[in-house]
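Each chain, letter by letter, is given below.
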Number of protein chains: 2
Amino acid sequence: MYLRGRTVALIVVVAVLFSSLTTAAVAGDGGLLSQVTGSSFLSGSSVSSEDTRGLEENLDKLKQAYGLIQSQYIGDVDDKKLIDGAIRGMVESLDDPYSAYMDEKTAKQFHSSLDSSFQGIGAEVTMKEGRVTIVSPFKGSPAEKAGLRPEDQIIKVNDTSLEGMTLSEAVSKIKGPKGTKAKLKVLRPGIHEMMDITVVRDEIPIETVRSEMMEGKIGKIEITQFSTDTAEDFADELKALEEKGMKGLVIDVRGNPGGLLPAVLEIAEKLVPNEQTIMMTEDKSGKRVKYQSKLEGKKDYPMVVLTDKGSASASEILAGALKESGYSTVGQTTFGKGTVQTAKDFEDGSNIKLTMAKWLTPEGNWIHKKGIKPDVKVEMPDYYKATPPQPDKPLKRDMSNQQVRNLQLVLEGLGYKPDRTDGYFSKKTETAVKAFQKTHKLSVTGEVDEKTALKLQDEFVSLLRDPESDLQLRVGIETLKKEIK
Amino acid sequence: MYLRGRTVALIVVVAVLFSSLTTAAVAGDGGLLSQVTGSSFLSGSSVSSEDTRGLEENLDKLKQAYGLIQSQYIGDVDDKKLIDGAIRGMVESLDDPYSAYMDEKTAKQFHSSLDSSFQGIGAEVTMKEGRVTIVSPFKGSPAEKAGLRPEDQIIKVNDTSLEGMTLSEAVSKIKGPKGTKAKLKVLRPGIHEMMDITVVRDEIPIETVRSEMMEGKIGKIEITQFSTDTAEDFADELKALEEKGMKGLVIDVRGNPGGLLPAVLEIAEKLVPNEQTIMMTEDKSGKRVKYQSKLEGKKDYPMVVLTDKGSASASEILAGALKESGYSTVGQTTFGKGTVQTAKDFEDGSNIKLTMAKWLTPEGNWIHKKGIKPDVKVEMPDYYKATPPQPDKPLKRDMSNQQVRNLQLVLEGLGYKPDRTDGYFSKKTETAVKAFQKTHKLSVTGEVDEKTALKLQDEFVSLLRDPESDLQLRVGIETLKKEIK
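This structure is a prediction, so every number in the text was calculated from the model and none was measured.

### Digging into the overall build of chain A
Helices and strands together make up the secondary structure of chain A, namely 15 helices and 21 strands. Here chain A holds 485 residues, and the buried ones make up 60% of them.

Structure representation (structure tokens):
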């Protein structure tokens with residue numbers, strides 16, 4: 001278990017309040033960080049009459065609509081719900097996926113979730129084109145075991161459609177007590193058929209920093225999220241690796257959706273050389289604030305940063321800062337989120353989160369919707385997109401469906417070569433299944449029953465987690481080795 | 001061409017303003033009808049201070065949110081857009097798919113569309129679970145020719161996702177000048193793969209009433225929509241059939257999404273016997289208003305009503321009234337829409353449409369979300385769900401994909417028997433293709449190229465439109481014949 005009590009609660013903050021893809025400033029010194037804090041309260045005096053003039057001018061129309069609904073609409077109408085609707089509607093009119101309003105009830109659910117531990121499927125999600133989309137499943141989580149992948153779109157949970165829900169509402173449907181099932185309808189890009197994936201919820205074990213000394217004294221530090229403890233943990237792990245004589249460092253922010261701005265700044269200020277700029281924020285008025293590194297010289301070992309399309313926000317701040325100070329990035333173009341959100345609470349406990357700044361790389365690039373291109377581009381093989389089959393009835397010769405296609409992709413990944421991956425269960429597919437069954441001491445039937453399907457799933461998850469099959473990591477290490485020589 | 005200048009413009013009103021599934025009261029005498037008219041204006045004096053008290057009490061919070069957005073949000077903020085957003089948000093908080101707000105721009109586009117003729121794909125659409133869903137394609141329309149079917153969900157139009165759009169916004173994307181193409185991404189229930197369907201837009205020919213004297217002096221009147229001319233046209237057609245000595249009448253409201261309340265009342269008051277009740281409305285306060293038939297005796301011929309799941313709203317009023325006065329309904333359970341909407345314009349040209357009443361059948365049943373069960377249940381055969389294949393490259397032996405599945409369903413419908421319908425192009429599928437090609441004097445290749453695909457499409461559309469293959473109509477006629485004897 002990677003679980004640490006405090007981290008878990010904080011991850012919930014990041015995942016729910018800041019919608020997983022948010023670089024949120026919650027504390028700190030100077031500039032934007034001191035103005036905007038997650039717990040600041042809004043009151044009438046917070047806004048000037050200049051700011052609300054537009055509302056006063058249009059108040060009559062708003063009143064007409066409100067009054068018409070109250071007096072004529074056939075159903076029950078609740079004052080608070082209408083006002084919540086109005087505020088939500090204003091925020092939605094901004095057409096910014098990172099700005100959101102959380103009503104009292106949703107915010108309350110969120111606060112109570114801080115007291116309990118985090119139980120759910122273990123995946124970072126975001127809203128993309130109105131769909132709840134997986135950024136990345138946590139390593140070792142039920143979501144990963146069940147085969148969910150980045151970019152998967154969750155359409156339904158236990159027959160409840162997520163269409164039209166806010167991210168927070170959707171997350172509350174996906175989460176649930178340990179041991180319960182989340183039956184998901186999932187759309188995966190490139191695969192047109194809707195998939196059924198059942199995830200058994202669990203206590204979600206999360207640590208945000210993991211390190212390892214690999215062969216050749218090459219260190220690896222993986223950051224899965226930027227939460228409150230992350231910078232401190234990173235400092236500890238970095239120090240430990242340095243004391244062991246590390247000759248090169250791989251920093252892995254693949255699938256890292258971001259988190260707290262102060263956390264990434266505190267990490268970057270120990271890595272970016274010569275007190276150079278880490279990033280800049282730019283507010284509505286165009287005012288820029290620069291954040292500088294605190295490292296006087298330069299680390300005496302080379303570094304590379306591994307990125308993928310799931311690396312967002314704070315991960316991009318780190319990758320951008322290191323790239324523009326001369327280090328290489330390896331993998332795929334990052335997500336492309338160049339904005340900073342801050343959250344404000346209303347007195348009644350509801351909460352509004354707004355995009356209040358852009359952030360720019362040290363050279364002044366705004367990577368929003370563009371991402372950071374890797375210096376060394378490495379795609380993952382096709383079978384990384386596959387899901388192990390979860391057939392209702394055994395898959396066999398001459399069938400033709402999506403489950404067979406999953407089977408074929410997984411067999412291909414595991415090195416058993418079916419002749420095709422279009423979902424038709426051919427003779428050669430049968431031969432591949434038989435070979436798999438023989439290797440794993442299962443009855444050699446050539447049919448994929450539950451037992452064979454479970455074994456395929458286990459083997460496939462092991463494959464995905466095997467460093468040897470991690471092509472991006474391997475290329476990252478090769479890149480470092482050239483610089484060590 | 002069924003086109004009649006005036007009807008076309010009115011259909012646009014029905015399709016856009018009333019979202020296709022709306023029984024909207026726009027004119028009439030007495031009760032609800034006189035209170036609510038589509039063109040009534042809202043002004044400050046329309047609403048009482050009692051109705052807006054909740055707004056006053058919560059105004060401070062609304063101001064805080066408004067002011068925060070105006071002063072802090074990074075992007076451009078437009079006063080009117082925020083207010084529109086607030087009103088839209090209030091209407092959406094009702095969680096009623098039939099209530100909607102149309103901002104000035106959307107309403108303006110709509111009004112200008114009244115001047116031009118109606119050019120588009122020719123399908124009634126509604127919002128279902130957040131998705132733009134086909135209620136029914138118009139007969140002979142490009143939508144029908146391209147193979148769109150009731151319950152199809154349109155996900156994208158020319159690569160623009162419709163997710164998160166209002167129905168009006170979505171309709172404006174689907175519509176377009178004659179001759180242009182709408183490339184649709186479509187999800188069909190029961191078929192998990194997303195389909196590509198290209199529809200060439202055209203002038204949409206619509207008449208809302210069509211009649212025919214069939215064999216055995218059985219008359220058929222089909223009502224495709226309840227618009228302003230519908231009642232008058234119906235009366236003309238009915239009179240003509242009666243003068244020809246009609247012995248029984250089939251009223252076909254399959255795929256009829258509804259329309260104007262006065263239109264259906266005017267039709268029903270000529271059919272429902274003995275001045276019985278046609279329907280009742282019930283407003284927020286529980287006040288009921290009854291609408292009575294004007295027919296003193298009873299028609300001297302039997303009637304049946306054909307319904308399907310696309311029969312909604314005004315169609316259900318007609319079916320319910322006739323069913324509860326002793327006539328039979330044949331087909332499938334209807335859509336289930338038991339509410340009445342009315343639209344009010346703001347002075348700036350924007351528009352709010354609200355559900356202001358329920359309607360009940362003569363016996364007081366509220367059919368909302370239940371529909372009206374047919375006395376004689378008749379499902380249509382499976383192949384009615386199929387779409388003719390539109391392959392990018394020729395379909396041939398040993399392929400396995402959705403296009404092959406479409407091919408197999410269509411071949412089955414046309415009476416050429418493939419051995420399977422799971423999308424695998426088997427030897428017997430090839431044999432069926434060859435038989436089709438031979439019959440239609442195409443090169444007998446066993447492969448489905450563009451030429452063969454087009455011929456399949458033509459034949460399939462003919463099949464669907466052939467009265468002989470219309471099982472529900474046939475059962476309707478049989479039901480009538482028993483009563484004529």
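From this point, the discussion proceeds with the structure in view.
### Quick notes on the relation of the copies chain A and chain B
Mapping chain A onto chain B calls for a screw motion: a turn of 180° about the axis and a shift of 0.1 Å along it, with 0.1 Å RMSD after fitting. Within this description, the copies of the chain are treated as partners about a two-fold rotation axis. Mapped onto chain B, 100% of the interface residues of chain A are again interface residues, and the two copies thus contact each other with one and the same surface.

### Things to note about the side chain of Asp345 of chain A
All names here are of chain A. Relative to the helices and strands, Asp345 is located in strand 19 (residues 339-345). Lys344 provides the closest opposite charge to the buried, unpaired Asp345, separated from it by 10 Å. Here Asn351 takes part through its side chain, which lies 2.5 Å from a polar atom of the side chain of Asp345.

### A word on the sheet that holds strand 21 (residues 376-377) of chain B
All names here are of chain B. Strand order in the open sheet formed by six strands is 11-12-13-17-18-21, and the pairing between neighbours is mixed. At either end of the open sheet lies a strand with only one pairing partner, and these are strand 11 (209-214) and strand 21. In terms of strand pairing, strand 11 meets strand 12 (residues 218-223) through six bridges, oriented antiparallel. By the bridge assignment, Arg210 is partnered in strand 12 with Glu222. This element, helix 11 (residues 314-324), spans strand 12, strand 13 (248-252), strand 17 (303-307) and strand 18 (328-331) of the sheet and lies at about 145° to strand 17.

### Quick notes on the pattern of salt bridges
In this structure the tally under the stated criterion is 46 salt bridges over all chains. For Lys294 of chain A, the salt bridge goes to Glu269 of chain A, with nearest N and O atoms at 3.5 Å. Of this pair, Lys294 of chain A sits in the loop between strand 16 (288-292) and strand 17 (303-307) while Glu269 of chain A sits in the loop between helix 10 (261-268) and strand 15 (277-283), placing them 25 residues apart in sequence. The partner of Lys323 of chain B in a salt bridge is Asp375 of chain B, with the nearest N and O atoms 3.0 Å apart. Here Lys323 of chain B, found in helix 11, pairs with Asp375 of chain B, found in the loop between strand 20 (351-360) and strand 21; they are 52 residues apart in sequence, far enough to count as distant. Take Asp375 of chain B: its relative accessible area is 41%, and that puts it in the partly exposed class.

### Let's talk about the packing of helix 12 (residues 402-413) of chain A against helix 13 (residues 427-439) of chain A
All names here are of chain A. With their axes 11 Å apart at the nearest point, helix 12 and helix 13 run at an angle of 55° to one another. If you check the angle between helix 12 and helix 13, you find them oblique. With respect to the hand of their crossing, helix 12 and helix 13 are arranged in left-handed fashion. Of helix 13, the residues touching helix 12 (which contributes Leu407, Gln408 and Leu411) are Thr429, Ala432, Val433 and Phe436. Residues that form the contact of helix 12 with helix 13 fall into these classes: five nonpolar, two polar and no charged.

### Description of the environment of Arg210 of chain A
All names here are of chain A. By the secondary structure assignment, Arg210 is in strand 11 (residues 209-214). Under the relative-accessibility criterion, Arg210 is labelled buried at 18%. Taking the C-alpha atoms as reference points, Arg210 and Ile223, 13 residues apart in sequence, are found 6.7 Å from one another.

### Comments concerning the interface of chain A and chain B
The partner chain B presents 77 residues to the 76 residues of chain A that form the contact. In this structure, the connection of chain A to chain B is made through ten salt bridges. Where Lys63 of chain A meets Glu56 of chain B, a salt bridge forms, and the shortest distance between an N and an O atom there is 3.1 Å. Counting residues per element, the ones that place at least two in the side of chain A that touches chain B are helix 3 (53-57), helix 4 (59-72), helix 5 (79-93), strand 6 (153-157), strand 9 (191-200), strand 15 and strand 20 (351-360) of chain A.

### A few points about the packing of aromatic side chains
According to the stated counting rule, one finds seven aromatic pairs over all chains in the structure shown. With a centroid separation of 5.5 Å and 80° between ring planes, the pair formed by Tyr416 of chain B and Phe436 of chain B is classed as edge-to-face. Linking Tyr416 of chain B in the loop between helix 12 (402-413) and helix 13 (427-439) with Phe436 of chain B in helix 13, this pair joins segments that are 20 residues apart in sequence. Residue Tyr416 of chain B is classed as buried on the basis of its relative accessible area, which comes to 16%. Residue Phe436 of chain B is classed as buried on the basis of its relative accessible area, which comes to 1%. Stacked on the ring of Phe346 of chain A, the Lys or Arg Lys61 of chain B has its end atom at 5.2 Å from the ring centre. The ring of Trp366 of chain B has Lys358 of chain B sitting right over it, with the charged end atom 4.3 Å from the ring centre.

### Re the packing of helix 5 of chain A against helix 4 (residues 59-72) of chain B
Put simply, helix 5 of chain A and helix 4 of chain B touch, their axes get as near as 10 Å, and they point 5° apart. On the basis of the axis angle, helix 5 of chain A is roughly parallel to helix 4 of chain B. Contact with helix 5 of chain A, carried on its side by Lys80, Ile83, Asp84, Ala86, Ile87, Met90 and Val91 of chain A, involves Lys61, Leu62, Ala65, Tyr66 and Ile69 of chain B of helix 4 of chain B and no other residues of that element. Residue composition of the contact of helix 5 of chain A with helix 4 of chain B, by class: nine nonpolar, no polar and three charged.

### Observations regarding the pairing of strand 6 of chain A
All names here are of chain A. In terms of burial, strand 6 is largely enclosed, as four of its five residues are buried. Judged from the two bridges that link them, strand 5 (residues 131-137) and strand 6 form a sheet pairing that is antiparallel. Across the sheet, the residue bridging to Val132 is Ile154, located in strand 6. Pairing between strand 6 and strand 8 (residues 181-188): four bridges, direction antiparallel. The residue bridging Gln153 from the neighbouring strand is Leu187, located in strand 8. Direction of pairing for strand 6 relative to strand 7 (residues 160-161): antiparallel, over a ladder of two bridges. Bridging across to strand 7, Lys156 finds its partner in Ser161.

### Focus: the nonpolar core
Within soluble globular proteins, side chains that are nonpolar tend to cluster in buried spots. Ranked by internal contacts, the top residues of the largest apolar core, which has 42 residues, are Ile69 and Ile352 of chain A together with Ile352 of chain B. Every element with two or more residues in this core is listed here: helix 4, helix 5 and strand 20 of chain A together with helix 4, helix 5 (79-92) and strand 20 of chain B.

### Re the sheet that holds strand 21 (residues 376-377) of chain A
Residues and elements named next belong to chain A. The six strands lie next to each other as 11-12-13-17-18-21, forming an open sheet whose pairing is mixed. Two strands in the sheet have a free side with no partner beyond their single neighbour: strand 11 and strand 21. Here helix 11 (residues 314-324) sits on the sheet and contacts strand 12 (218-223), strand 13 (248-252), strand 17 and strand 18 (328-331); the angle it forms with strand 17, its principal contact strand, is near 145°.

### Observations regarding unusual backbone geometry
The phi dihedral of Lys441 of chain A is positive, around 55°, even though this residue is not glycine. The class of Lys441 of chain A is exposed, set by a relative accessible area of 76%. Positive phi values are uncommon outside glycine, yet Asn158 of chain B reaches one of about 45°. Mapped onto the elements, Asn158 of chain B comes out in the loop between strand 6 (153-157) and strand 7 (160-161).

### Let's talk about helix 14 (residues 450-465) of chain A
Residue pairs spaced three or four apart in an α-helix point in one direction, given the helix's 3.6 residues per turn. Residues and elements named next belong to chain A. The first and last C-alpha atoms of helix 14 sit 23 Å apart over 16 residues, in line with the 22 Å expected at 1.5 Å per residue. Listed in full, the buried residues belonging to helix 14 are Thr452, Ala453, Leu456, Gln457, Phe460, Val461 and Leu463. One side of helix 14 holds all its buried residues, which, seen down the axis, span an arc of 165°. Packing partners of the buried residues in helix 14 comprise helix 7 (142-145), helix 12 and helix 13.

Calculation rules
Residues numbered from 1 in each chain as written. Chains lettered and ligands numbered in written order. Predicted model: local features only at pLDDT ≥ 70, side-chain atom pairs only at ≥ 80, totals over all residues. Heavy atoms only, no water. Helix = DSSP H or I, 4+ residues; strand = E, 2+ residues; numbered from the N terminus. Buried < 20%, exposed > 50% of the residue type's maximum accessible area, 1.4 Å probe, protein only. Least-squares fit on C-alpha atoms with pLDDT ≥ 70 in both. Contact = heavy atoms within 4.5 Å. Lys, Arg positive; Asp, Glu negative; His and termini not counted. Salt bridge = Lys/Arg side-chain N within 4 Å of Asp/Glu carboxyl O. Polar contact = N/O pair within 3.5 Å; in protein donor to acceptor, adjacent residues only side chain to side chain. Pairing = 2+ DSSP bridges. Axes fitted to C-alpha atoms, helices over the stretch in contact; angles between N-to-C directions. Parallel < 35°, antiparallel > 145°, perpendicular 65-115°, else oblique. Left-handed = near helix turned anticlockwise from the far one by under 90°. Nonpolar A, V, L, I, M, F, W, Y, C, P; charged D, E, K, R; others polar. Phe/Tyr/Trp six-rings, centres within 6.5 Å; stacked < 30°, edge-to-face > 60°. Lys NZ or Arg CZ within 6 Å of the ring centre and 35° of its normal. Core = buried A, V, L, I, M, F, W, Y, C linked by side-chain atoms within 4.5 Å. Expected span 1.5 Å × (residues − 1). Arc of directions from axis to C-beta.

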